[in-house]
Amino acid sequence: MSIHTTLNSEEQKQLPVTENDWQQVVAGLSAVGHELSQDSTRLIELGEAYLKGRLVGQAEECFRAALRIVPDLSLAHYYLGYLYSRQGRHREAALEFGKCLAAQPRNDEIYAELGLVYFKQGRVEEARALWQQGLLFAEQRDRLVKFLDEMSYRVTLDGEERVVPNLCRMAFLAADNNYRLALAYLERARWLEPFNPVVFTTYAHVFATQGKNEEAETAWQEAIRLAPSDPAHQAGFAAFLLGQGKCKDARTWAERAVMLAPREAEYRLILARAEAQNGNLTAAEQHLRIARDLEPEQPAVNYELGRLLWQRKEVGPALAYLRKAARAGHREAKAYLTMACRMTKGQLATKPLLKGGSSLEQIAN
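Let us look at the overall build of the protein chain. Along the protein chain, the regular secondary structure elements total 21 helices and zero strands. Classification of the 365 residues of the protein chain by burial places 48% in the buried group. Counting only contacts in the protein chain whose residues sit at least 6 apart along the sequence, the fraction spanning at least 24 positions is 51%. For the protein chain, the accessible surface area stands at approximately 18400 Å², while carbon and sulfur atoms represent 50% of it.

This is the structure:
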């Protein structure tokens, strides 16, 4: 089976979610019911429709289901490679395109896509060689010529040539001082990997630096939609919402992150902050204690636990946690500890220590 895809043009690759043609295709094919699970052609069509709707998880399931029916189905391997490439899963993409190329060694589309994977890995010379090879077989040469003319450049940062991560990093670094440049980097990254959630979390950061909070929120939501099982994006969104004062929404997303990764102390910390801002101090303390059990030396956890216990007038334990955070270099903990020591100065013993100073001074330091 030769590969003829409906997603060749860049316009089709980035169809907006608001268009409902893909939804009609999904509805029509889903109505087939049980027959769909045995029909590789319809599974491919359904996967294509999901791709247009940017529902990448469902698309991957369809293509993999098609391969269970026809293991050597080149079109399914091609679409998996295409999807993985746009997600930044380069190694998996190269494997899928390699299978396609073994079956169809004169297919210019495969040369184009595999070269693109190599390019994004920083393997520029290998990418150029593949694109030049593809030109020998191509009836429509425009796409390959465009790759050769416009994309054969190196994106190097700290000795690394991983194109999309570097573009995102440069956008992150430029966000405060040059908003337009940051967006230019991100537009390039999104063109290369429109299904990569890291591109959209970087968009969220860039928008937030400019006070464009609605746009930042939309970018966070798109990142989560593209990778719903990745708790890091949900925790990041929760932290962003906390900064906007949206405490209830923040708690919802932090809870989801903790459900996905219950042993991640950072997610527990975010959830504890959300609970505290919602007035649920008991729940906040519970999550902070779990976080501290997971990472006893984490300064932010010790600071938050110390501050919470201080608010509950548990002076001794509060000072102990604040002192530990302060000794680890946590600035807010140092300031809070100094304030706490001043307030309890009359109640603390000031007997000399073996190395000089007082117990009060030792706590403050």
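Before going further, it helps to examine the packing of helix 2 (residues 21–30) against helix 3 (residues 40–52). At a closest axis distance of 8 Å, the pairing of helix 2 and helix 3 adopts a crossing angle of 150 degrees. Considering the angle they form, helix 2 stands roughly antiparallel to helix 3. In this structure, the crossing between helix 2 and helix 3 has a hand that is left-handed. Along the contact surface, helix 2 presents Asp 21, Trp 22, Val 25, Val 26 and Leu 29, while helix 3 presents Arg 42, Glu 45, Leu 46, Ala 49, Tyr 50 and Lys 52.

What follows concerns the confidence of the model for the protein chain. With 84% of its residues at a pLDDT of at least 70, the protein chain reaches an overall mean of 87. Taken as a whole, residues 348–365 scores under 50 in pLDDT and shows 23 contacts with residues more than four places along the chain or in a different chain.

In this section: the packing of aromatic side chains. Two aromatic rings, taken as a pair, are described by how far apart their centres are and by the angle between their planes. What the rule picks out here adds up to 12 aromatic pairs. The interplanar angle of 65 degrees and the centroid separation of 5.7 Å between the aromatic rings of Tyr 78 and Phe 97 together place this pair among those described as edge-to-face. Residue Tyr 78 is located in helix 5 (residues 74–87), and its partner Phe 97 is located in helix 6 (residues 90–103); the two are separated by 19 residues in the primary sequence. This pair shows no difference in class: Tyr 78 is buried, exactly as Phe 97 is. Members of the aromatic cluster, connected to one another through ring pairs, are Phe 63, Tyr 78, Tyr 79 and Phe 97. Positioned over the ring face of Tyr 118 is Arg 123, at 3.9 Å from the centre of the ring. Taking the ring centre of Trp 253 as reference, the NZ or CZ of Arg 256 above it sits at 4.4 Å.

Counting residues in each nonpolar core, the largest one holds 90 residues, and the members touching the most others are Ile 44, Tyr 50, Leu 51, Phe 97, Trp 131 and Val 199. Here Phe 97 is in contact with Tyr 78, Gly 81, Tyr 82, Ser 85, Ile 110, Glu 113, Leu 114 and Val 117, once residues within four sequence places are set aside. Of all hydrophobic cores here, the second largest spans 24 residues; its members include Leu 269, Ala 284, Leu 322 and Tyr 336.

Here helix 5 is 14 residues long and its end C-alpha atoms lie 20 Å apart, about the 20 Å a rise of 1.5 Å per residue gives. Buried residues dominate helix 5, accounting for 14 of its 14 residues. Positive phi appears at Gly 88, one or two residues downstream of helix 5, with a value of about 90 degrees.

Inspection of the secondary structure puts Glu 126 in helix 8 (residues 124–135). What makes Glu 126 partly exposed here is its relative accessible area of 37%. When the C-alpha positions of Glu 126 and Leu 116 are compared, they lie 9.8 Å apart, and in sequence the two are 10 residues distant.

Non-glycine residue Arg 54 carries a positive phi angle of around 60 degrees. For Arg 54, a relative accessible area of 8% puts it in the buried group. For Lys 313, which is not glycine, the phi dihedral falls at a positive 65 degrees. With respect to the element layout, Lys 313 can be found in the loop between helix 18 (299–311) and helix 19 (315–327).

Attention now moves to the side chain of Arg 268. Along the chain, Arg 268 turns up in helix 16 (residues 265–277). Of the side chains with opposite charge, Glu 275 comes closest to the buried, unpaired Arg 268, at an N-O distance of 9.0 Å. Other than its neighbours up to four places away in sequence, Arg 268 contacts Val 258, Pro 262, His 287, Ile 290 and Ala 291.

Per the counting criterion, the structure on display carries 20 salt bridges. For Glu 60, the salt bridge is made with Arg 64, and the minimal N-O distance between the two is 3.8 Å. Note that Glu 60 and Arg 64 are positioned in helix 4 (residues 56–69) at a spacing of four residues, about one turn of the helix. Overall, Glu 60 belongs to the buried group, its relative accessible area being 18%. On the accessibility criterion, Arg 64 (34% relative accessible area) is partly exposed. Of the charged contacts in the structure, one is a salt bridge between Arg 312 and Glu 285, with a shortest N-O distance of 2.5 Å. Of the two residues, Arg 312 sits in the loop between helix 18 and helix 19 while Glu 285 sits in helix 17 (residues 281–294), which places them 27 residues apart along the sequence.

What counts and how
Residue positions are counted from 1 within each chain, in the order its sequence is given. Residues qualify for local features only when their pLDDT is at least 70, as the model is predicted, and side-chain atom pairs are given and counted only at 80 or more; totals for whole chains, interfaces and linings, by contrast, use all residues. Side-chain calculation: all heavy atoms of the structure are included, whereas hydrogens and water are not. Put simply, DSSP H or I for four residues or longer makes a helix, DSSP E for two residues or longer makes a strand, and each gets a number counted from the N terminus. Burial here depends on accessible area, computed with a 1.4 Å probe over protein chains only, as a share of the maximum for the residue type. Under 20% is buried, over 50% is exposed, and the range in between is partly exposed. In this analysis, two residues are considered to be in contact whenever any of their non-hydrogen atoms come within 4.5 Å of each other. Under the convention used here, a 1.4 Å probe and the Shrake-Rupley method define accessible areas, while residue burial counts only the protein chains that appear. Structural elements are reduced to axes, namely lines fitted to C-alpha atoms, with helices fitted over the stretch in contact, and the angle between N-to-C directions of any two is expressed from 0 to 180 degrees. An angle below 35 degrees is treated as roughly parallel, one above 145 as roughly antiparallel, one from 65 to 115 as roughly perpendicular, and anything else as oblique. In this scheme the handedness of a crossing depends on how the near helix is turned from the far one: anticlockwise by less than a right angle means left-handed, clockwise means right-handed. You can read pLDDT as the predictor saying how much it trusts each residue, on a scale of 0 to 100. Note on ring pairs: Phe, Tyr and Trp rings are taken, using the six-membered ring of Trp, and paired if centres are within 6.5 Å. Classes follow the plane angle, with under 30 degrees stacked, over 60 edge-to-face and the rest tilted. Only Lys NZ and Arg CZ are tested; either one counts as a charge over a ring when it is within 6 Å of the ring centre and within 35 degrees of the ring normal. Residues belong to one nonpolar core when they are buried, are Ala, Val, Leu, Ile, Met, Phe, Trp, Tyr or Cys, and are joined through side-chain atoms within 4.5 Å. The span one expects for a helix is its residue count, reduced by one, times 1.5 Å. Here the positive residues are Lys and Arg and the negative ones are Asp and Glu; neither His nor the chain ends is included. One speaks of a salt bridge when a side-chain nitrogen belonging to Lys or Arg is within 4 Å of a carboxyl oxygen belonging to Asp or Glu.

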